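Here are the chains, one letter per residue:
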Amino acid sequence: MFGVPWWTVVGEPAWPTAVTVAGTVVFAAAVVGFPALMFLGHSSRGQDWAARIGDITLGVIWVLLVWSVIGQVASIVLSHEVTAVAVAAVAAGLLVWGYVEAMRVPRIKRVDVTVAGLGADLDGARLVVISDTHYGPLDRVRWSERLVAAVNRLDPDIVAHAGDIADGTPERRKEQVAPLATVQSRLARVYVTGNHEYFSEAQGWIDHMEALGWECLHNRHIVVERGTSRLVLAGVDDATARASGLDGHGADFDRALADVNAPVVLLAHQPKQVRHARDRVDLQISGHTHGGQIWPFHYLVRLDQKWVHGLSRHGARTQLYTTRGSGFWGPPFRVFAPSEITLITLRAQP
């Protein structure tokens, strides 16, 4: 990760000796400091200051690596010096833009989903999805307030949080999470755990979200009604929950979907969980992928999650919507993978 950018920007071009030495010192310090910062920042007792520096370093070096590889190809026809300047300039521009994209209130993504058997009284119901807020080392209380305001302006019937609410315990992140208590909905506010909850007190997060007035779909479902129409809102634990060893946790589709007799919307944090939901639910909502977050990381994400973003069909009954998520993990950058608040309008079949 560090070697290719160093060679492209510092080592290969014929810079003055002082420039080469200074650049090498900077890269060497990053190589030595990066693993220490990531350990200090993301261990069980992580220090937020170390996480901030380490995460920024990770984002910077990833972007530099990608464009250095591209630059090495371009250097077939360009001088090493021109290539180095171009790589540095493009990386700097993308990082500034990516930071702005990461810190902004997510754009609204509007999707219509037709649900077989949905009653007429729920036709047009507005389901607003947020996910992967990842409240963490950067203090984003103000961002959280603006996120909630954007959700409330959509006048939702149902609001769903599809997991990865925070990095850290409820006690450490409670101020950033607090605005979620003011989310407004007519019928329900529902939440499921993501994999990051299992790094930091998953049961504590379930209890905390319930204290904020959210229904935690911990391998269970609820039924919402309007007039004579009914809709099941179900949820399962994250795919990593069972391996966490936490008592009573682990995705249990049979339990979550027991005795349902109405159209089903399922929250499951990871898109690949759809293999267990196929033809058992009408719509699965997932997050986790961030849409790759920083291009071209989505190609690596596809090795683990086939569905990175958008609406897809699975079997005769089930549709899956994968959101890019509302926040970010780690590096405070989003490059060619914008965050979103998803407004899903549920439609009855004509």
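Anything mentioned here points back to the structure above.
Each chain carries its own residue numbering, running from 1 in the direction its sequence is written. Local features in this predicted model are restricted to residues of pLDDT 70 or higher, and side-chain atom pairs are both shown and tallied only at a pLDDT of 80 or more, whereas totals for entire chains, interfaces and linings draw on every residue. The basis for every side-chain value is the complete set of non-hydrogen atoms in the structure, without hydrogens or water.

**Q** Would you mind going over the overall build of the protein chain with me for this structure?
**A** Each helix and strand in the protein chain was counted, giving 10 helices and 12 strands. Its C-alpha atoms give the protein chain a radius of gyration of 22 Å, within 12% of the compact-globule value 20 Å for 350 residues. Taking the principal axes of the C-alpha coordinates as reference, the protein chain spans close to 80 × 45 × 35 Å. The cut-offs for exposure are 20% and 50% of the maximum accessible area for each residue type, with area from a 1.4 Å probe on protein chains only; residues under the lower value are buried, those over the upper are exposed, and the others partly exposed. Taking all 350 residues of the protein chain together, the buried fraction comes to 53%. Think of it this way: Lys and Arg go in the positive column, Asp and Glu in the negative one, and His and the chain ends go nowhere. Taken as the charge location is NZ of Lys, CZ of Arg, CG of Asp or CD of Glu. In the protein chain, 32 positive and 33 negative side-chain charges are present, and the distance between their average locations comes to 4 Å. Starting at the N terminus, helices and strands are each numbered in turn, a helix being any DSSP run of H or I of at least four residues and a strand any DSSP run of E of at least two. With the radius of gyration taken over C-alpha atoms, the globule rule is written as 2.2 Å times the number of residues to the power 0.38.

**Q** What is the right way to look at the side chain of Ser75 in this model?
**A** Note that Ser75 resides in the loop between helix H3 (48-74) and helix H4 (80-103). The term polar contact refers here to a pair of N or O atoms within 3.5 Å; inside protein, the definition further demands a hydrogen-donor-capable atom paired with an acceptor-capable atom, and it admits residues adjacent in sequence only when both atoms are side-chain atoms. A distance of 2.6 Å separates a polar atom in the side chain of Ser75 from the backbone oxygen of Gln72. Every residue in contact with Ser75, bar those within four places of it in the chain, is listed here: His80 and Thr83. The contact criterion used throughout is that any non-hydrogen atoms of two residues lie within 4.5 Å.

**Q** For this particular structure, what's the right way to read the environment of Asp237?
**A** Along the polypeptide, Asp237 turns up in the loop between strand S7 (229-235) and helix H8 (253-256). Under the relative-accessibility criterion, Asp237 is labelled buried at 1%. Along the sequence, Asp237 and Tyr198 sit 39 residues apart, while their C-alpha atoms lie 10.0 Å from each other. What Asp237 contacts, discounting residues up to four positions off in sequence, is Thr193, Tyr198, His218, Asn219, Gly248, His249, Gly250, Ala251 and Gln273.

**Q** Can you help me understand the sheet that holds strand S1 (residues 107-115) in this one?
**A** Either a parallel or an antiparallel arrangement is found when strands of a sheet pair, and the pairing is made through backbone hydrogen bonds. By definition, two strands form a pair when at least two bridges between them are found by DSSP. On the basis of which strands lie adjacent, the open sheet formed by six strands has the order S1-S12-S2-S3-S4-S5 and mixed pairing. Single-partner strands in this sheet number two, and they are S1 and strand S5 (215-216). Two strands pair when backbone bridges link them, and strand S2 (residues 125-130) and strand S3 (residues 158-161) are joined in this way by four bridges, in the parallel orientation. In the strand pairing of S3, Leu127 is matched with Ile158.

**Q** For this particular structure, what's the right way to read the nonpolar core?
**A** Side chains of a nonpolar character, in soluble globular proteins, are inclined to be buried together. Ranked by internal contacts, the top residues of the largest apolar core, which has 26 residues, are Leu231, Leu233 and Ile344. Leu233 has contacts with Ile158, Ala188, Val190, Leu217, Arg220, His221, Ile222, Val224 and Val265, leaving out every residue within four places of it along the chain. Counting residues in each nonpolar core, the second largest holds 25 residues, with Ala150, Ile165, Trp214 and Ile341 among its members. Nonpolar core, defined: a set of buried Ala, Val, Leu, Ile, Met, Phe, Trp, Tyr and Cys residues in which side-chain atoms within 4.5 Å join the residues together.

**Q** Please explain the packing of aromatic side chains as it appears in this structure.
**A** Ring pairs (aromatic) are described by centroid distance and by the angle formed between their planes. Each Phe, Tyr or Trp ring, with Trp reduced to its six-membered ring, pairs with another whose centre is within 6.5 Å; inter-plane angles below 30 degrees give stacked pairs, above 60 give edge-to-face pairs, and intermediate values give tilted ones. Considering all chains together, one arrives at seven aromatic pairs under this definition. Seen from their ring centres, Trp6 and Trp7 are 6.0 Å apart, and the 45° between their planes marks the pair as tilted. Of the residues examined, Trp7 reaches a relative accessible area of 40% and is grouped as partly exposed. Between Trp295 and Phe336, the ring centres sit 6.1 Å apart and the planes meet at 80°, which makes this aromatic pair edge-to-face. Of this pair, Trp295 sits in the loop between strand S9 (283-286) and helix H10 (298-304) while Phe336 sits in the loop between strand S11 (318-322) and strand S12 (340-348), placing them 41 residues apart in sequence. Judged by its relative accessible area of 27%, Trp295 falls in the partly exposed class. A connected cluster of aromatic rings, assembled from ring pairs, spans Trp67, Trp97, Trp295 and Phe336.

**Q** Sorry if this is basic, but what is going on with unusual backbone geometry here?
**A** Glycine aside, residues mostly have negative phi, and peptide bonds are mostly found in the trans state. Here the residue pair Trp295 and Pro296 is connected by a cis peptide bond, since its omega of 0° sits within 30 degrees of zero. Locating Pro296 in the fold gives a position in the loop between S9 and H10. The backbone of Asn219 sits at a positive phi, close to 55°, despite the residue not being glycine. Looking at the element boundaries, Asn219 is found in the loop between S5 and strand S6 (220-226). Taking relative accessible area as the criterion, Asn219 reaches 1% and is therefore assigned buried.

**Q** I tried to follow the packing of helix H6 (residues 170-177) against helix H7 (residues 202-211) on my own but got confused; where do I start?
**A** When two helices pack together, their arrangement is given by the angle between the helix axes and the distance between those axes. For every element, the axis is a line fit to its C-alpha atoms; helices are fit only across the contacting stretch, and the angle between N-to-C directions ranges from 0 to 180 degrees. Where H6 contacts H7, the axes come no closer than 11 Å and their chain directions differ by 35°. As H6 runs across H7, the sense of the crossing is right-handed. Listed contacts from H7 to Pro170, Arg173, Lys174 and Val177 of H6 are Gly204, Trp205, His208 and Met209. Note that Gly is not counted as nonpolar here; it falls among the polar residues with everything else outside the nonpolar set of Ala, Val, Leu, Ile, Met, Phe, Trp, Tyr, Cys and Pro and the charged set of Asp, Glu, Lys and Arg. Here the contact of H6 with H7 is composed, by residue class, of four nonpolar, two polar and two charged. A crossing counts as left-handed when the near helix is turned anticlockwise from the far one by less than a right angle, and as right-handed when that turn is clockwise.

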